[in-house]
Amino acid sequence: MKITIADLLEPLARAGEVVVFTGAGLSADSGIPTFRDGSTGLWANIDPEEVASIEGFENNPDKVWAWHESMRSLFAEVQPNTGHEGIAALEALLPNARVTVITQNIDGLHQAAGSTRVLEIHGSVLRIRCHRHCGFVEHWLAGHAAPRRCPSCGAPARPDVVWFGEALDQDVFSLAAQATLDADVFFTVGTSAIVQPAASLAMAAKEYGALLIEVNPYETPFSVHADYAVRSGASEFFPALWKDLSKIVGEPGGQNASKRVD
Ligand code: APR
């Protein structure tokens, strides 16, 4: 359905739960390549099985570390874009709503933009952890060599990301599933919506009655299910939404900003 931002303002102003589900397309405008966009996609130039899977890590840990080190260095050079910032700004603008970001991205840009409730269902390359899940996890400072052995138990250490063939962190995913089922408005932003179980969240939101908005310059297998398909980049859409929304709910903390009543 063709959409104007005006169609979204009332449902958002009334919402108690807003979920923003994001993928690599959101970070594209920060200079991070997506995974599957044509010849620039990361997976067009390297086999994910070799650098982002358990088998790859067990066969050639140095190659897996090298790829993650290149991503870690890239992420240290980039900034959140106006899409990340517009999403973070929703928290202050919608005091009536709990805004949950469920991200597939491992770049930490939502937190850098100020989002305070971020569920990283594919982990983060800004952390390393024990491969045996003994409990060791620590921040990975850019430009610093990460230990190859867990300092607590001696098992291999690894980036704290979810690789192909691995289960998602159940605690994080159950929080994401609960937010999805409670959602009044569910945005799916910058994702090809093909990797499970993440991609199933948007369908679940729809089945549980959420207003479903896709923000993606291109069609995805999911577009047919969206109530509204916004054919634009996230870094254009969210600032425009923020501007129009702030007119009806008032500037954050403004006299006519609706207050959350707990
Ligand atoms: N704004 C919004 N969407 C965009 C933009 C933009 N500026 N630029 C590109 N896109 C869209 C593309 O049209 C595409 O649908 O972003 C999507 C990127 O898709 P993928 O590259 O498949 O990335 P993603 O959906 O995040 O991949 C999911 O797959 O490889 C695994 O773990 C990895 O988390 C990743 C998962």
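See the structure shown above.
Residues numbered from 1 in each chain as written. Predicted model: local features only at pLDDT ≥ 70, side-chain atom pairs only at ≥ 80, totals over all residues. Heavy atoms only, no water.

Student: What exactly am I supposed to notice about the sheet that holds strand β5 (residues 137-139) here?
Tutor: Whenever strands of a sheet pair, they do so through backbone hydrogen bonds, lying parallel or antiparallel. Spatially, three strands are ordered β5-β4-β6 in an open sheet, and the strand pairing comes out antiparallel. Edge strands, defined here as strands with exactly one partner in the open sheet, are β5 and β6 (157-161). Strand after strand, the sheet turns through a mean of 40° between neighbouring axes, direction not considered. Pairing of strand β4 (residues 123-130) with β5, which is carried by three bridges, proceeds in the antiparallel orientation. By the bridge assignment, arginine 129 is partnered in β5 with valine 137. Each of β4, β5 and β6 touches helix α6 (residues 61-77); the most contacted strand, β4, lies at about 135° to it. (Pairing = 2+ DSSP bridges. Helix = DSSP H or I, 4+ residues; strand = E, 2+ residues; numbered from the N terminus. Axes fitted to C-alpha atoms, helices over the stretch in contact; angles between N-to-C directions. Contact = heavy atoms within 4.5 Å.)

Student: Just checking my understanding: could you explain the nonpolar core for this structure?
Tutor: In a soluble, globular protein the nonpolar side chains are often hidden away together inside. Counting residues in hydrophobic clusters, the biggest one holds 31 residues, and the most contacted among them are Val18, Phe187, Phe238 and Leu241. With six residues, the top contributor of residues to this core is helix α11 (residues 234-249). Non-local contacts of phenylalanine 238, meaning those with residues more than four positions away in its chain, are made with Val20, Thr82, Gly83, Gly86, Ile87, Leu90, Phe187, Val189 and Val215. Counting residues in each nonpolar core, the second largest holds 26 residues, with Trp65, Val78, Ala155 and Trp163 among its members. (Core = buried A, V, L, I, M, F, W, Y, C linked by side-chain atoms within 4.5 Å. Buried < 20%, exposed > 50% of the residue type's maximum accessible area, 1.4 Å probe, protein only.)

Student: Where do I start with the pattern of salt bridges in this structure?
Tutor: When the charged atoms of two side chains with opposite charge come close together, those side chains can pair. This model, assessed by the stated rule, comprises eleven salt bridges. Where glutamate 69 meets arginine 148, a salt bridge forms, and the shortest distance between an N and an O atom there is 3.1 Å. Pair noted here: glutamate 69 is in helix α6 and arginine 148 is in the loop between β5 and β6, with a separation of 79 residues, a long-range link. The partly exposed category is assigned to glutamate 69, whose relative accessible area is 28%. When its relative accessible area of 35% is taken as the criterion, arginine 148 is described as partly exposed. Note that glutamate 214 is salt-bridged to arginine 231, the shortest N-O span being 3.2 Å. Separated by 17 residues along the polypeptide, glutamate 214 in strand β8 (residues 211-215) and arginine 231 in the loop between β9 (228-230) and α11 bring together distant segments of the chain. Overall, the relative accessible area of 1% leaves glutamate 214 in the buried class. By sharing partners, the salt bridges in this structure join Glu120, Arg127, Arg129 and Asp160 into a single network. (Salt bridge = Lys/Arg side-chain N within 4 Å of Asp/Glu carboxyl O.)

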